[in-house]
Amino acid sequence: MAVKDSFSRIFGLTDKTDNEEIKQIPVEEIVPNPYQPRTVFDDEKIDELCQTIRTHGLIQPIVVRVRDGRYELIAGERRLRATRKLGMERIPAIVKEFNDSQTASIALIENLQREGLTAIEEAVAYQKLIDLHNLTQESLAQRLGKGQSTIANKLRLLHLPQGIQDALLSRQVTERHARALIPLKDPELQNKVLLEILEREWNVKQTEVRVKQLLELAENPKSEKDAKPRWKAFSRDTRIAINTVRQSIDMVIQTGLPVETAEEDHDEFYQFTIRIPKNKETGNK
């Protein structure tokens, strides 16, 4: 709560709820927050919240404002969803008088403090805060207590094609996958590599290798035949076997060993070459 109060103060908001009247308002009279940055909600987490509410009740009220004769949600989307799922007719709420800018800021800040936002939702939230408060990336980073590079890396995702942003939103690819595609610049090429990532279930390292290959081809054009990657169609079992080996290699790398790997796609077989140093000190020299 201290962090939330700090954010509210930094952004010029007064979201204090001490000594404010809590009302029981009809759930059916509450409309969504148009500034809600979260578009994907985990049903399992909502179910867990439902169980908590069944056992202990709704401890923290939601926050709303009166808008066109109805209550517009400001903070508490997950609580409201759980309440509706439980079939409750009323929900405890605090009615505030906020303008559009304040409403948007509170919704954004509340969600940025919670886990589970996708990278693209986080990027959208940062951009909206920048626009609402006329901030630079650096000043936003200072207000949120984050590194300026963290903000910049997230915002770069918004320049990727919509298809890649959708893949991030649905968690089909990771943020590191998406960032690896940024140097390609050409949206058509970025979308092409996205399809390769999904079809071949590439990890980040494999994606970076593919991007590097395409960038080198752009700098040093070859014949059309040579320029085409020699990807073969694998059976499902072969693809599973290859990805299992890759995952095992990644697990070894995560232990800190400087493992060297290479992959070769031959006509009749797929070859892995793995070099593991006999001791960590030798490998780090």
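What counts and what doesn't
- Residues numbered from 1 in each chain as written.
- Predicted model: local features only at pLDDT ≥ 70, side-chain atom pairs only at ≥ 80, totals over all residues.
- Heavy atoms only, no water.
- Helix = DSSP H or I, 4+ residues; strand = E, 2+ residues; numbered from the N terminus.
- Buried < 20%, exposed > 50% of the residue type's maximum accessible area, 1.4 Å probe, protein only.
- Contact = heavy atoms within 4.5 Å.
- Areas by Shrake-Rupley, 256 points an atom, 1.4 Å probe, with all protein chains shown as cover.
- Axes fitted to C-alpha atoms, helices over the stretch in contact; angles between N-to-C directions.
- Parallel < 35°, antiparallel > 145°, perpendicular 65-115°, else oblique.
- Nonpolar A, V, L, I, M, F, W, Y, C, P; charged D, E, K, R; others polar.
- Polar contact = N/O pair within 3.5 Å; in protein donor to acceptor, adjacent residues only side chain to side chain.
- Pairing = 2+ DSSP bridges.
- Core = buried A, V, L, I, M, F, W, Y, C linked by side-chain atoms within 4.5 Å.
- Salt bridge = Lys/Arg side-chain N within 4 Å of Asp/Glu carboxyl O.
- Arc of directions from axis to C-beta.
- pLDDT = per-residue confidence, 0-100.

Caption draft 1: Highlighting the overall build of the chain. For the chain, the count of helices and strands is 14 helices and seven strands. Within the chain, buried positions represent 37% of all 285 residues. Within the chain, residue pairs in contact and separated by at least 24 positions form 68% of the contacts whose partners lie at least 6 positions apart. As displayed, the chain offers around 17300 Å² of accessible surface, 48% of which is attributable to carbon and sulfur atoms.

Caption draft 2: Main features of the packing of helix α2 (residues 43-56) against helix α3 (residues 77-86). At a minimum axis separation of 9 Å, α2 and α3 run at an interaxial angle of 70°. By the angle between their directions, the pair α2 and α3 is classed as roughly perpendicular. Listed contacts from α3 to D43, K45, I46, D47, L49, C50, I53 and R54 of α2 are R78, R79, R81, A82, T83, K85 and L86. Broken down by class, the residue content of the contact of α2 with α3 amounts to six nonpolar, one polar and eight charged.

Caption draft 3: Structural view of the side chain of T103. As for its position among the elements, T103 is in helix α4 (residues 100-112). A polar atom in the side chain of T103 sits 3.5 Å from the side chain of R65.

Caption draft 4: Representation of the sheet that holds strand β1 (residues 23-26) within the structure. The strand order across the open sheet built from five strands is β1-β5-β3-β4-β2, with neighbouring strands paired in mixed fashion. Every other strand in the sheet has two partners, leaving β1 and β2 (30-31) as the edge strands with one partner each. Bridging between strand β3 (residues 62-67) and strand β5 (residues 90-95) involves three bridges; their strand directions are parallel. Bridged to V63 within β5 is I94. Lying over the sheet, α4 contacts β3 and β4 (70-75), oriented at roughly 45° with respect to β4.

Caption draft 5: Here's a closer look at the nonpolar core. Within the largest apolar cluster, 18 residues are counted, with the highest numbers of intra-cluster contacts made by L157, L181 and V193. If you list the elements that add at least two residues to this core, you get α5 (119-133), α8 (162-169), α9 (175-181), α10 (187-200) and α11 (204-219). Ignoring sequence-local partners within four residues, the contact set of V193 consists of L181, L184, W202, T207, R210 and L214. If you look at the next biggest cluster of nonpolar residues, it comprises 16 residues, including L49, I53, Y71 and L73.

Caption draft 6: Looking closely at the pattern of salt bridges. What the rule picks out here adds up to eight salt bridges. Here the salt bridges share partners, and the residues they tie into one network are R65, R67, E72 and D100.

Caption draft 7: Up close: α8. Where α8 is concerned, the buried positions are I164, Q165, A167 and L168. Down the axis, α8 shows its buried residues gathered within 160° of arc, on one side only. For α8, the secondary structure elements touched by its buried residues are α5, α9 and α10. Residue R171 follows α8 closely and has a positive phi angle near 65°.

Caption draft 8: Broad picture of the packing of α8 against α10. The contact between α8 and α10 brings their axes to 9 Å, and the two run at 35°. Between α8 and α10, the contacting residues are G163, I164 and A167 on the first element and Q190, N191 and L194 on the second. The class makeup of the residues in the contact of α8 with α10 is three nonpolar, three polar and no charged.

Caption draft 9: Summary view of the confidence of the model for the chain. Taken as a whole, the chain shows an average pLDDT of 80; of its residues, 81% reach a score of 70 or greater. The secondary structure element of the chain with the lowest average pLDDT is helix α1 (residues 2-10), at 45, and the one with the highest is α9, at 95. A low-confidence stretch, residues 1-7 (pLDDT under 50), is modelled with nine contacts involving residues beyond four sequence positions or located in other chains. Segment residues 223-231 is flagged for pLDDT under 50; beyond a separation of four residues in sequence, or across chains, it makes ten contacts in the model.

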